[in-house]
Amino acid sequence: RRLLLGTAGALLLPSLPPSGSSVPPASASPLASGLSGLLRPPSVDDERDTQGLDRMRMQQVLDQNRMQREESGVTRKSEAVRKEIWDLVFADTVLAPLLLRLAFHSSGTYDKKTGTGGSQKGSIHYGAELNQEDNAGLEKAVKQLDELQSRHPEYSRADIYTLAGVHAVEIMGGPVIPWRSGRVDAKSDKEAIKEGRLPQADKGSLPKTADHIREVFGRMGFTDKDTAALMGAHTCGGAHRQFSGYEGRWTPTDVRFDNLYYVFLTKTNLDYELGNKQTAPPGLAWTGLGKKQFEAFFMNDYYFMLPADLVFKEDPKFRPYIDAYARDQGVWFRDFSEAFVKLTELGTRDLRDDVVVAGVKGATFKAPEAPRQGMQAYY
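Here the residue numbering is sequential within each chain, running from 1 through the sequence in written order. In view of the model being predicted, local features appear only for residues whose pLDDT reaches at least 70, and side-chain atom pairs are presented and counted only at 80 or more, with totals across whole chains, interfaces and linings using the full set of residues. For side-chain calculations, the full set of non-hydrogen atoms in the structure is used, while hydrogens and water are omitted.

### Section: the confidence of the model for the chain
- Averaged over the chain, the pLDDT score is 83; the fraction of residues at 70 or greater is 77%.
- Values of pLDDT, which run from 0 to 100, indicate the predictor's confidence residue by residue. In what follows, a contact means two residues having at least one pair of non-hydrogen atoms within 4.5 Å. Per-residue pLDDT stays below 50 along residues 1-44; that stretch engages in 177 contacts with residues further than four places along the chain or on separate chains.

Given below as structure tokens:
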């Protein structure tokens with residue numbers, strides 16, 4: 001599992017566990033399986049049950065949103081593609097956060113000064129970009145979505161990569177994010193973006209890391225609020241040292257899109273200590289080997305934060321947003337949706353509306369309002 005927009009030292013989102021790995025594909029939602037399931041080590045049967053419970057919860061979310069669209073007379077031109085994306089996630093729920101990560105990485109290379117990068121060309125399709133250290137673990141997702149796109153030539157690869165991220169958020173119970181089509185794919189690997197545009201997880205100190213984060217996200221045109229909202233994608237997935245050098249999960253809810261990341265980040269009795277217990281080679285913990293991360297033991301399990309995560313807790317300009325999102329999931333959903341639309345349309349032009357309402361042009365579907373309190377009441 002890898003970083004939110006980045007490389008072996010970038011802001012992590014999940015990728016699939018390596019072949020043969022014993023890492024479980026998903027973690028139980030406390031609302032779906034009960035908090036008691038988090039108080040003991042998971043068994044193989046638990047993992048199977050968790051996948052089943054996650055599928056049921058995801059299907060309920062999609063059914064609820066579909067019924068509201070039908071009541072409002074709303075249709076989406078991309079519905080056939082979304083159905084196939086759901087089929088992929090249904091087969092393995094851990095794919096959902098991976099698709100979200102792919103959308104981040106295919107879009108987060110934008111430079112507003114030069115007008116290069118961004119989601120317009122889908123250049124992550126090419127080995128020159130896909131095989132960069134930043135994008136380790138994304139190969140399977142790209143392959144599956146390229147196969148899907150071949151069945152829907154009316155959409156570009158760049159369209160499919162961004163739509164998959166948007167729909168993955170909806171599948172995991174997050175906001176229904178507006179999406180538009182019309183991106184034009186790169187013609188060759190000569191248009192691939194060189195490595196080095198994605199944010200790093202650690203620049204040596206929290207102040208230096210904060211400056212770096214603002215520089216990278218500012219290059220794309222994001223504000224502090226946008227950046228703090230996008231960082232909440234860490235609520236799903238985790239990190240594997242095989243890909244990034246980091247190891248662990250931010251929250252217990254790997255495939256649920258909720259505000260638990262912010263709750264954990266602001267929780268006063270959750271003491272994150274600098275260490276490498278999880279990143280060190282087996283049997284060599286606390287030897288100085290392995291990347292440093294902040295780790296906390298909570299509810300019979302270890303959770304972690306990257307130095308970049310702690311920036312949002314300690315930086316006085318970022319902190320008010322983190323507190324607000326921990327208190328009110330609905331506020332975060334609103335701000336994340338706005339920032340993610342911006343992210344997935346960086347570098348694009350002449351996009352076409354996806355939502356159709358009888359007699360209304362350019363309509364946007366409004367999903368059922370998210371629970372206002374979010375996960376704070378459970379922790």
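### Some thoughts on the packing of aromatic side chains
- When two rings of Phe, Tyr or Trp (its six-membered ring) have centres within 6.5 Å they constitute a pair, described as stacked for plane angles under 30 degrees, edge-to-face for angles over 60, and tilted for the intermediate range. Counted under the stated rule, the structure contains 18 aromatic pairs.
- Taking the centre distance of 5.5 Å and the plane angle of 80 degrees together, the rings of Trp 86 and Phe 90 count as edge-to-face. Of this pair, Trp 86 and Phe 90 both sit in helix α3 (residues 79-91), separated by 4 residues, roughly a single helical turn.
- Any residue under 20% of the maximum accessible area for its type is buried, any over 50% is exposed, and the rest in between are partly exposed; the area is computed with a 1.4 Å probe on protein chains only. On the basis of relative accessibility, which here comes to 41%, the residue Phe 90 falls in the partly exposed class.
- Here Phe 312 and Phe 318 contribute two aromatic rings whose centre-to-centre distance is 4.3 Å and whose plane-to-plane angle is 40 degrees, an arrangement assigned as tilted. Strands here are runs of E lasting at least two residues and helices are runs of H or I lasting at least four, both read from the DSSP assignment and numbered beginning at the N terminus.

### Quick look at unusual backbone geometry
- One non-glycine residue, Asn 300, lies in the positive phi region at around 65 degrees.
- Structurally, Asn 300 can be placed in the loop between β8 (293-298) and β9 (301-305).
- At Asp 350, a residue that is not glycine, the phi angle is positive and equals roughly 55 degrees.
- Its place among the elements puts Asp 350 in the loop between α13 (329-344) and β10 (352-353).
- For Asp 350, a relative accessible area of 69% gives the class exposed.

### Re helix α11 (residues 307-314)
- By the criterion of burial, α11 is predominantly enclosed, with 7 of the 8 residues buried.
- Along α11, the residues classified as buried are Pro 307, Ala 308, Asp 309, Leu 310, Val 311, Phe 312 and Lys 313.
- Each element contacted by the buried residues of α11 is listed here: α8 (206-219), α9 (224-231), α10 (260-266), β8, β9 and α12 (319-327).

### Some remarks on the sheet that holds strand β7 (residues 273-275)
- An order of β7-β8-β9 is seen for the 3 strands of this open sheet, with the pairing classed as antiparallel. Sheet topology places β7 and β9 at the edges, where each strand pairs with a single neighbour. Averaged over all pairs of adjacent strands, the angle between their axes in this sheet comes to 45 degrees, without regard to strand direction.
- We treat two strands as partners when DSSP finds at least two bridges between them. Taken together, the 3 bridges between β7 and β8 define a ladder with antiparallel strand orientation. Its bridge partner being in β8, Glu 273 is matched across the sheet by Glu 295. Interaxial angles span 0 to 180 degrees and are taken between N-to-C directions of axes, which are lines fitted to C-alpha atoms, for helices over the stretch in contact.

### So, the environment of Gly 108
- Checked against the element boundaries, Gly 108 lands in the loop between α4 (95-107) and α5 (127-130).
- Measuring from C-alpha to C-alpha, the distance between Gly 108 and Arg 219 comes to 9.9 Å, with 111 residues separating the pair along the chain.

### A look at the pairing of β8
- Among the 6 residues in β8, 5 count as buried, and that is most of the element.
- Where β8 meets β9, 5 bridges bridge the pair, whose relative direction is antiparallel. By the bridge assignment, Phe 297 is partnered in β9 with Tyr 302.
- Linking β8 back to β9 in an antiparallel pair, the connection comprises 2 residues, with Met 299 at a positive phi of about 55 degrees.

### What to know about the packing of α4 against helix α7 (residues 157-171)
- One way to put it is that α4 packs onto α7 with a least axis distance of 8 Å and a crossing angle of 135 degrees. Classed by the angle they form, the pair α4 and α7 counts as oblique. In the crossing of α4 with α7, the sense of the turn from one axis to the other is left-handed. Across the interface between the two elements, Ala 96, Leu 99, Leu 100, Leu 102, Ala 103, Ser 106 and Ser 107 from α4 touch Tyr 161, Thr 162, Ala 164, Gly 165, Ala 168 and Val 169 from α7.
- Three classes are used: nonpolar for Ala, Val, Leu, Ile, Met, Phe, Trp, Tyr, Cys and Pro, charged for Asp, Glu, Lys and Arg, and polar for all others, with Gly counted as polar. In the contact of α4 with α7, the residues fall into 9 nonpolar, 4 polar and no charged. Our angle categories are set so that under 35 degrees counts as roughly parallel, over 145 as roughly antiparallel, 65 to 115 as roughly perpendicular, and the remainder as oblique. Each helix crossing is assigned a hand: it is left-handed if the near helix lies turned anticlockwise from the far helix by less than a right angle, otherwise right-handed if that turn is clockwise.

### A look at helix α6 (residues 139-150)
- Here a helix's expected span is defined as the number of its residues, less one, multiplied by 1.5 Å. Taking 1.5 Å as the rise per residue, α6 with 12 residues should run 16 Å; its terminal C-alpha atoms sit 17 Å apart, in good agreement.
- Along α6, the residues that are buried comprise Ala 141, Val 142, Leu 145, Asp 146, Leu 148 and Gln 149. The buried residues of α6 all sit within an arc of 160 degrees when viewed along its axis, so they share a single face. Counted as exposed and oriented over 90 degrees from the buried face of α6: Lys 143 and Ser 150. What the arc measures is the spread of directions leading from the helix axis to the C-beta atoms.

### Digging into the pattern of salt bridges
- Salt bridges are defined as contacts in which a side-chain nitrogen from Lys or Arg sits within 4 Å of a carboxyl oxygen from Asp or Glu. Scanning the entire structure with this criterion turns up 22 salt bridges.
- Here Glu 170 makes a salt bridge to Arg 76, at a shortest N to O gap of 3.2 Å. Of this pair, Glu 170 sits in helix α7 while Arg 76 sits in strand β3 (residues 74-76), placing them 94 residues apart in sequence.
- A salt bridge links Asp 323 to Arg 319; the shortest N-O distance between them is 2.7 Å. Pair noted here: Asp 323 and Arg 319 are both in helix α12, with a separation of 4 residues, about one helical turn.

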